Amino acid sequence: MQIRSTGARLATAVTVVLAVTALGAGTLATAPAAFAATPAAVSADATLPVVAEGSRLGGVGATGFLTYSFAQDGTRNLLWTPNDGGKSVRLQQPEGGGFTMGGDVVVLGDASWTADMRALTLRNMATPFAPGVDIDLAALHGNYVAVLSPTSVLAQITNTDGTKELRVVTKDGATTTSRKIAGLPADASDFFGSPLHDGSVLVGYETGPAEKRTGGRALVDVAAGTVTATYAAPEGGIGYGGLDFSASHVTWFGYESGTGDFITSVDRRTGAEKKTVLGAHTAQWYSALVGEWLVYGNPGTPARAVSLTSGEIRELGITASAWASSADGSAVLQGSRAADGSGLFRVAVAQDGTPAVTKLAETGTPVIWEPLEIQQVHVPDTAELDKTGGKVTLGWMLSRADAYLDVTLTHIATGKEFTKRVTAPATGTLFSFDWDGVIAGVDAPNGTYAVEAEATPLDGIGEPAYQGWKMNVVRTADPHDYTDNGSTDVLARDASGVLWRDDLRDRPVNGQVKSAQRAKIGSGWGVYKQIEAVGNVGGAAPGDLIAVDGSGVQWLYLGKGDGTFAPRVKVGTGWQIYNKIAGGSDLDGDGRPDLVATDGAGALWFYKGTGSYAKPYAPRVSLGGNWQGYNQLTAVGNIAGTAAGDMVARDTSGVLWLYQGNGTGGFSLRVKIGGGWGAYSQLVGAGDLDNDGRRDLIAYGSAGTYVYRATGNATAPFAARQATSLYAGEGSKFNNVL
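Since this is a predicted model, take the numbers as computed values, not measurements.

Enquirer: Talk me through the overall build of the chain; I want residue IDs and the actual numbers.
Expert: Looking only at helices and strands, the chain features two helices and 61 strands. For the chain, the spread of C-alpha atoms along the three principal axes comes to 130 × 65 × 40 Å. Long-range pairs, those at least 24 residues apart, make up 45% of the contacts in the chain with a sequence separation of at least 6.

In structure tokens form, the structure reads like this:
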């Protein structure tokens, strides 16, 4: 299309673009059988594509046709409709730009007048959803002339000395190349071109001295890169257009004052030139060359075909207002025919050499393919999983339901990924699911996640739609969590000194506490006579470890939050005097975990937590004697509902006692929990195993491992024990569980 919104070219451009020609002299013949308005020839075919009511034909390709209409704001709406009856596809014209077409290639440019276009996007509508090819002619000091293929155009290039060249410009990947067309006058300029067909383009140009410029026309063999024939013309004609050619003739549009619009035709075999007068310049004539036939008409004059060889005239029976030439040598008219209504009609040369008309499309309301879009995103900025039952609902509102949605959650710090394919809902277009905060069967780490969603049409037509978001996952801190995922991690040392970590699920699966994943922390831990999980004593969020070696040196291992520990730091000496230590409960209510230890004389000592990794505990304070009757001390946190952390102690007869913290670093009077606890070799204050807000206990022994859930009741602090698969069959494997 060549349309200019302002300036003197407007009337000419519209006239030419709408292709107006006129009646030439000749003998009027009766409409042949190929045109006859028989029911078989003109009945509406339900399989025909549909051209939108109120739209205008903009071009025709081998696989479909282009139409355009105008919105109220003047924006041009482009619509490609395939001949096979598939959905129509919208095209976006650049703001302030224009379009033209050749074959199945639609050219979208940065100017409304095609000769001014320099930034181009070529869309091959034979594959309408393939990416467009961008060509920057400005970088070559070029302007558009004609489209040759989905990756190449004919362009006028301005040299540094001001002369012009006609070049084939091709884009191959990121590389742009050009080659010159030979055989044109050295002073030629103002090139314009016909659509490509049969490997050639008819170009028009100006030539001659500045004060005596005349026109010229040339057939260009694109593959050979050379001119094969030339024709003289009194003017360049870039403002008129109308270039066309067939095997027998070439034609171009002209205008003379007093004569009006006319078509010049040249017989390619004999060189004979003919002028076919169309009529008044304001009558909106259109014309197209079909073989030796010049098809012409205007909105008030039904289409006719005149033989440029014999002068014979045939009525086509179509009242049309728009036209387009096709690369196959046919022409398409937009209008109506009495017998079968309005639509698009193809005029082509029949086997007997005469023009024949077939209906190409019906006027109506086409089914338009709507691009898939993500219209709304329902992803919270922060997902507080402990406030929402361990789940977060994620959703995306799509423009269509006939799609699927691939969602990827990526933990930015670790790269861990969760993927989910979401299919269409039963009703509506909100694609959503509940994420349980788990990746590959393990509770996902806290922190920032990239939340990416890609929606893909079910029919595979069109580009996927993408949306990216960020979401911060947070959970209540667990002092027994070494992987920053909210779930308890239980550590165990085997007889060879290897320390293992079992990451439990943050919430029991089907009510069962079980390990989600086991990982080896490292070897060499056999040098320690005592290892204790002491909660966060170094000031960072993850839990830490205290270990005492055979020489009585106390070492601090700061948790890194990824399941590993920083290199040990020496924080004390003389700890060989203690036979039992228990850490992790806040005994004085200051928000920091403390530690207690019993010496060989049975004295219990309180070490107040400082929050400093360099010196995690303040000097000891005596809590009294007579603790030699206990063979196990375990800090369990606040399980009785009081203001401070608690401790349980097992005596030598297997009775377990509860010591409630009094908030000042000491304990209230002990409360008997019950007997039979001597069956266990290790008691572990394991944090909140079931996310009920109370810390629980794990008991490990040769007869099995059990979970004791806290009740919050001081007189009966634990519910009945529950079996767990944790350490199943490994009751004698570990000598330190913490």
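Enquirer: Now, about the nonpolar core: what can you tell me, with residues and values included?
Expert: Judged by nonpolar contacts, the single largest core of 27 residues is most densely connected at Leu 394, Trp 396, Leu 398, Leu 405, Leu 409, Trp 435 and Met 471. For this core, the secondary-structure elements that each account for two or more residues are strand E34 (392-398), strand E35 (403-411), strand E36 (417-422), strand E37 (430-435), strand E40 (447-457) and strand E41 (465-474). Those residues within four positions of Trp 396 in sequence are excluded, and the remaining contacts are Ile 374, Gln 376, Val 377, Val 379, Leu 405, Val 407, Thr 429, Leu 430, Phe 431, Phe 433, Val 451 and Ala 453. Grouped together as the second largest cluster of nonpolar side chains are 17 residues, Leu 148, Tyr 205, Ala 218 and Val 222 included.

Enquirer: Help me get a handle on the packing of aromatic side chains, residues and values and all.
Expert: Applying the stated criterion across every chain, the model contains 30 aromatic pairs. Consider the rings of Trp 677 and Tyr 708, whose centres lie 4.4 Å apart with planes at 35°: the pair is tilted. Within this pair, whereas Trp 677 is found in the loop between strand E56 (671-674) and strand E57 (682-687), its partner Tyr 708 is found in strand E59 (residues 704-708), the two being separated by 31 residues in sequence. For the pair formed by Trp 677 and Tyr 708, the shared burial category is buried. Centroid distance Tyr 727 to Phe 734: 5.2 Å. Interplanar angle 55°. Geometry classified as tilted. Put simply, the rings of Trp 677, Tyr 680, Tyr 706, Tyr 708 and Phe 718 touch in pairs and so form one group of aromatic residues. Above the ring of Trp 555, the side-chain terminus of Arg 568 is found at 3.6 Å from the ring centroid. Just above the ring of Trp 500 sits the side chain of Lys 733; from NZ or CZ to the centre is 5.8 Å.

Enquirer: An account of the sheet that holds strand E47 (residues 554-557) is needed here, citing residue identities and associated values.
Expert: Note: strands within a sheet are paired through backbone hydrogen bonds, in either parallel or antiparallel orientation. Strand order in the open sheet formed by four strands is E45-E46-E47-E48, with antiparallel pairing between adjacent strands. The outermost strands of the open sheet, each flanked by one partner alone, are strand E45 (528-535) and strand E48 (569-572). Averaged over all adjacent pairs, the angle separating strand axes in this sheet is 30°, with direction ignored. Sheet topology places strand E46 (residues 544-549) next to E47; four bridges connect them, and they run antiparallel. Residue pairing across strands places Leu 545 opposite Tyr 557, the latter belonging to E47.

Enquirer: Before we move on, can you summarise the pattern of salt bridges with the specific residues and values?
Expert: For the structure shown, the criterion picks out 27 salt bridges. Close ionic contact of Asp 187 with Arg 213 constitutes a salt bridge, the shortest N to O distance being 3.9 Å. Here Asp 187 is found in the loop between strand E14 (175-180) and strand E15 (189-193), whereas its partner Arg 213 is found in the loop between strand E16 (200-207) and strand E17 (214-221), with 26 residues between them in sequence. A salt bridge links Asp 340 to Arg 337; the shortest N-O distance between them is 3.0 Å. Beyond isolated ion pairs, a larger network of salt bridges with shared partners links Asp 386, Arg 475, Asp 506 and Arg 507.

Enquirer: Mind laying out the confidence of the model for the chain, listing which residues take part and the relevant values?
Expert: Chain-level statistics for the chain give a pLDDT mean of 90 and a share of 94% at 70 or above. Across the chain, element-level confidence peaks in strand E12 (residues 152-158) with a mean pLDDT of 98 and bottoms out in helix H1 (residues 9-17) with 28. Scored below 50 in pLDDT, residues 1-44 makes 119 contacts in the model with residues more than four places away or belonging to other chains.

Enquirer: Let's hear about the layout of surface pockets: which residues, and what values?
Expert: In this structure, the largest pocket encloses a volume near 480 Å³. Lining the largest pocket are 34 residues, with Ile 531, Glu 532, Ile 581, Gln 632 and Leu 633 sitting closest to its centre. Looking at the lining of the largest pocket, the elements that each hand over two or more residues are E45, strand E49 (578-583), strand E53 (630-637), E57 and strand E61 (734-737). Its residues assigned to classes, the lining of the largest pocket shows 13 nonpolar, 16 polar and five charged.

Enquirer: Describe in detail unusual backbone geometry, supporting the description with residues and values.
Expert: With a phi close to 55°, Asp 198 is a non-glycine residue in the positive phi region. For Asp 198, the location among the structural elements is in the loop between E15 and E16. Note on Asp 198: relative accessible area 70%, which makes it exposed. Even without glycine at this site, Ala 440 takes up a positive phi of about 55°. Take Ala 440: it is sitting in the loop between strand E38 (438-439) and strand E39 (442-443).

Enquirer: Outline the pairing of E15, supporting the account with residue identities and numerical values.
Expert: The element E15 is extensively covered by neighbouring structure, given that four of its five residues are classed as buried. Here three bridges tie E15 to E16, and the two strands are oriented antiparallel to one another. Counted as the bridge partner of Ser 189 is Glu 206 from E16.

Enquirer: Go over the sheet that holds E59 with me, naming the residues and quoting the values.
Expert: Here four strands make up an open sheet; going across it, the order is E57-E58-E59-E60 and the pairing antiparallel. Two strands close off the open sheet at either side, each with one partner strand: E57 and strand E60 (722-723). Here strand E58 (residues 696-701) runs beside E59; their pairing, made up of five bridges, is antiparallel. Residue pairing in the sheet places Ile 698 in a bridge with Val 707 of E59.

Enquirer: I'd like a rundown of the side chain of Arg 709, residues and numbers included.
Expert: With respect to the helices and strands, the residue Arg 709 is situated in the loop between E59 and E60. Within polar-contact distance, the side chain of Arg 709 engages the side chain of Asp 690 at 2.8 Å. Arg 709 has contacts with Pro 508, Gly 511, Val 513, Asp 690, Asp 696, Pro 717, Phe 718, Ala 719 and Gln 722, leaving out every residue within four places of it along the chain.

Enquirer: Can you tell me about the side chain of Ser 88, naming the residues and giving the values?
Expert: If you trace the backbone, Ser 88 turns up in strand E6 (residues 88-91). Since its relative accessible area comes to 1%, Ser 88 is described here as buried. With sequence-adjacent residues up to four places away left out, Ser 88 is seen in contact with Leu 79, Trp 80, Thr 81, Pro 82, Pro 366, Val 367, Ile 368 and Trp 369.

Enquirer: Tell me about the environment of Ala 644, and please be specific about residues and values.
Expert: Looking at the element boundaries, Ala 644 is found in the loop between E53 and strand E54 (646-651). The exposure class assigned to Ala 644 is buried, which follows from its relative accessible area of 3%. When the C-alpha positions of Ala 644 and Asp 588 are compared, they lie 6.3 Å apart, and in sequence the two are 56 residues distant.

Definitions and cut-offs
Residues numbered from 1 in each chain as written. Predicted model: local features only at pLDDT ≥ 70, side-chain atom pairs only at ≥ 80, totals over all residues. Heavy atoms only, no water. Helix = DSSP H or I, 4+ residues; strand = E, 2+ residues; numbered from the N terminus. Contact = heavy atoms within 4.5 Å. Core = buried A, V, L, I, M, F, W, Y, C linked by side-chain atoms within 4.5 Å. Buried < 20%, exposed > 50% of the residue type's maximum accessible area, 1.4 Å probe, protein only. Phe/Tyr/Trp six-rings, centres within 6.5 Å; stacked < 30°, edge-to-face > 60°. Lys NZ or Arg CZ within 6 Å of the ring centre and 35° of its normal. Pairing = 2+ DSSP bridges. Axes fitted to C-alpha atoms, helices over the stretch in contact; angles between N-to-C directions. Salt bridge = Lys/Arg side-chain N within 4 Å of Asp/Glu carboxyl O. pLDDT = per-residue confidence, 0-100. 1 Å grid on protein atoms, 1.4 Å probe; cavity = no way out; pocket = protein on both sides within 12 Å on 5 of 7 lines; lining within 4 Å. Points joined across faces, edges and corners; volume = space filled by probe spheres on them. Nonpolar A, V, L, I, M, F, W, Y, C, P; charged D, E, K, R; others polar. Polar contact = N/O pair within 3.5 Å; in protein donor to acceptor, adjacent residues only side chain to side chain.

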